[in-house]
Amino acid sequence: MAYVAVKGGEQAIDHAHAWLAEERRGDTAIPELSLAQIDGQLGRSVDRAMGEGSLYDRELAALAVKQAQGDLIEAAFLLRAYRTTLPRFAHSSPVDTSDMRIRRRISAVFKDLPGGQVLGPTYDYTHRLLDLELAHDSGGATPKCHDPMTAMPRVPDILRREGLMEPDGDGATEPGDLTRQPLAFPASRDVRLQALARGDEGFLLALGYSTQRGYGGTHPFAGEIRMGEVAVEIEPPELGFAIDIGDILVTECQMVNQFKGSKTVPPQFTRGYGLVFGFSERKAMAMALVDRAMRAEELGEEVTAPAQTVEFVLYHADNIEATGFVEHLKLPHYVDFQSELENVRRMRREHETSPPPAGGGLGEGAVRTLVNR
Amino acid sequence: MKGYNFAYLDEQTKRMIRRALLKAVAIPGHQVPFGSREMPLPYGWGTGGIQVTASVLGRSDVLKVIDQGADDTTNAVSIRRFFARTAGVRTTTHTSEATVIQTRHRIPETTLRDDQIIVYQVPQPEPLFRLEPSRIETRRMHALADYGLMHVKLYEDVARFGQISISYDYPVLVNQRYLMSPSPIPAFDNPKMHLMPALQLFGAGREKRIYAIPPWTEVRSLDFEDHPFRPIRAPHPCGLCGATDSYLDEVVIDDKGGRLFVCSDTDHCAERRAAGHVGSEGLREAAE
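In short, a report on the structure. (Residues numbered from 1 in each chain as written. Chains lettered and ligands numbered in written order. Predicted model: local features only at pLDDT ≥ 70, side-chain atom pairs only at ≥ 80, totals over all residues. Heavy atoms only, no water.)

### Here we look at the overall build of chain B
Then, number 1: From N to C terminus, chain B includes 8 helices and 12 strands.
Then, number 2: Compactness check: chain B gives a C-alpha radius of gyration of 20 Å against a globular reference of 19 Å for 288 residues, within 12% of the reference.
Then, number 3: Projected onto its principal axes, the C-alpha coordinates of chain B cover approximately 60 × 60 × 35 Å.
Then, number 4: Looking at the 288 residues of chain B, the share that counts as buried comes to 61%.
Then, number 5: Taking all contacts inside chain B whose residues are at least 6 apart in sequence as the whole, residues at least 24 apart take part in 62%.
Then, number 6: Entry remark: accessible area of chain B is about 11,100 Å², with carbon and sulfur atoms responsible for 54%.
Then, number 7: Positive and negative charge centroids in chain B, built from 35 and 35 side chains respectively, lie 7 Å apart. (Helix = DSSP H or I, 4+ residues; strand = E, 2+ residues; numbered from the N terminus. Rg over C-alpha atoms; globule rule 2.2 N^0.38 Å. Buried < 20%, exposed > 50% of the residue type's maximum accessible area, 1.4 Å probe, protein only. Contact = heavy atoms within 4.5 Å. Areas by Shrake-Rupley, 256 points an atom, 1.4 Å probe, with all protein chains shown as cover. Lys, Arg positive; Asp, Glu negative; His and termini not counted. Charge placed at Lys NZ, Arg CZ, Asp CG, Glu CD.)

What follows is the structure, given as structure tokens:
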């Protein structure tokens, strides 16, 4: 066999991508998905792609889900790569979730409270039985119009009136931005929350869960979970007042955690906070658990568990970074592997001729040369 | 490309990266954090190298991209296309023609000149990460030049295996100060970094770090007096061009243990063959 050096990488890539496009479309006898269908009927996928892609645009997110064949990490990656090219013309003011137009609002700590418990469009209490009726076109009735409910007080605010809840931060400093400045330690809470909001739902879920199983427990109560629309406002310096630029759907979770107090601070409740784009309750709750766990050091608790280790959590929460690096292992590593092969072969040869001494010790001379020349 | 700036990144971002590069050149081997952008290619696939290349590239530059020493590996093809598309610069496979060379895992065999820049793609800029995973800790260790941990690791290798067992990404000390990862090039390539006339730039996109070695800088591979650094190379001549001093790829040619060793630097090998050098495989083919 004559050896032919591997050529044609360029052609191979083109063919692979053409095949991918075919696969994506699938059987052309079946109608193609529209973005409106994806947004309307696979809304939770769109929500997740927007959250982890950190770009609030339902249409673009639906396109990303379509282009990625439903692979949501790939969809988030597409959104991120698009987002990074956009000019940044303003920062919004903090959204006021107490002014949310509520679609869902529940509290696990008060039986009833102003505004009441609102279940909203939840999977909670559904029996997870496959609905075989749904396998066929149901036609469906025109959806009823659910008037969103007006503002309701937030549970931590209710507790704060009695002084039982730690105060909010003063919000005086400009928040950090991980997409512009690299992560540095100690990482302030605004940066940590940004990283969590962009972080992988599965990773946060597992970490949050680990705190409940004893790895950095925080005694959490789901103080409140709310989902609905909030207004986004910017304050252009040339105007000097805030203008409303649109509404976004968000899910907020405020965990209420016990805190025994310290020499200077009386016993009170502390908070773990979760806020994500769209309706993503699982992620918001997990985020709140992990946020509180990462405050261990600040609150004088012992840092022993992964969820409490800020560096560990922040460096591994981003699934775009993680998927890139895990999957880069499929790139060629011939060169490194060849050097490993030669190395192992050489070590085996030397092992056969003279096995290393049982004690593994070296002479005095070797130790002396440890000194950095 | 329509709708995008020259070489993809906007000028503000390039300026930010060039500032990081200047700092990196001023402190050889020191890892400078930078605001790494999200690129349309995955992290771990050369996003750091691409951002560095995009920031130093001008319209008259000639770009060469290699992966594993070869110009035609799929990821090298993909990155070269990216710049051909977004910057419209001339590309080449010839090392001597290029003004900027972006590489993954190799340094070309041809000695680089002082009018060339080599950009390394770096997966893991922290040379100490296998010994100390916390970057808070390793930053402190670099600040204090506290590299005892690495020397102990090398010593333990010698104690256990009779030799230092690192074969690629072999740690170097730059300008007698900073311990640095040379990126996962084979240890064979390490000596090429020492007193190199070309500017060496390193980009780690996912880890958001940039570092550099200015031209003519001392780069020493760590070793001991009685266990000197030994570059590893397969003990064969290249089957195609007969070179005995180049780094070789090992190709499995049958299922009976047959192996062919060929230059990993495809441009180097092609140029040698064009100059009339023939290896054993070429001789065998000629005889058939």
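### Quick look at the interface of chain B and chain A
Then, number 1: Taken together, the 78 residues of chain B in the interface contact 55 residues of chain A.
Then, number 2: Interface area, chain B with chain A, both sides summed: about 5,800 Å², of which 55% is carbon and sulfur.
Then, number 3: A salt bridge links Glu 321 of chain A to Lys 208 of chain B; the shortest N-O distance between them is 2.6 Å.
Then, number 4: At the junction of chain B and chain A, the tally comes to 25 residue pairs in polar contact (both at pLDDT 80 or more).
Then, number 5: The element contributing the most residues to the side of chain B that touches chain A is helix H5 (residues 148–161) of chain B, with 7 residues.
Then, number 6: Here the side of chain B that touches chain A is built from residues that sort into 38 nonpolar, 15 polar and 25 charged. (Buried area = accessible area lost by both parts, 1.4 Å probe. Salt bridge = Lys/Arg side-chain N within 4 Å of Asp/Glu carboxyl O. Polar contact = N/O pair within 3.5 Å; in protein donor to acceptor, adjacent residues only side chain to side chain. Nonpolar A, V, L, I, M, F, W, Y, C, P; charged D, E, K, R; others polar.)

### A look at the pairing of strand E9 (residues 209–213) of chain B
Residue and element names in this part refer to chain B.
Then, number 1: Among the 5 residues in E9, 5 count as buried, and that is most of the element.
Then, number 2: Where strand E1 (residues 32–33) lies against E9, 2 bridges are found, and the strand directions are antiparallel. Within the sheet, the bridge partner assigned to Pro 33 lies in E9 and is Arg 209.
Then, number 3: Where strand E8 (residues 199–204) lies against E9, 5 bridges are found, and the strand directions are antiparallel. What sits directly across from Ala 204, in E9, is Arg 209.
Then, number 4: Once E8 ends, the chain turns through 4 residues before running back antiparallel as E9, passing Lys 208 with a positive phi of about 60°. (Pairing = 2+ DSSP bridges.)

### Structural notes on the packing of aromatic side chains
Then, number 1: Inspection of every chain in the model, using the stated rule, returns 9 aromatic pairs over all chains.
Then, number 2: For the pair Phe 185 of chain A and Tyr 315 of chain A, a centre-to-centre distance of 5.6 Å together with 65° between the ring planes defines the contact as edge-to-face. Within this pair, whereas Phe 185 of chain A is found in the loop between helix H6 (155–161) and helix H7 (189–198), its partner Tyr 315 of chain A is found in helix H10 (residues 310–316), the two being separated by 130 residues in sequence.
Then, number 3: Residue Phe 185 of chain A is classed as partly exposed on the basis of its relative accessible area, which comes to 25%.
Then, number 4: Residues Tyr 170 of chain B and Phe 229 of chain B carry aromatic rings whose centres are separated by 4.8 Å and whose planes lie at 75° to one another, so their mutual orientation is edge-to-face. With Tyr 170 of chain B in the loop between H5 and strand E6 (172–174) and Phe 229 of chain B in the loop between strand E10 (219–221) and strand E11 (248–252), this pair connects stretches of sequence that are 59 residues apart. (Phe/Tyr/Trp six-rings, centres within 6.5 Å; stacked < 30°, edge-to-face > 60°.)

### Here we look at the state of the cysteines
Residue and element names in this part refer to chain B.
Then, number 1: The full count for this structure, using the stated rule, is 0 disulfides over all chains.
Then, number 2: Among the cysteines around Cys 263, which has no disulfide bond, Cys 238 carries the closest sulfur, lying 3.6 Å off.
Then, number 3: Looking at the unpaired Cys 269, the closest cysteine sulfur is the one in Cys 238, lying at 3.7 Å. (Disulfide = S-S within 2.5 Å.)

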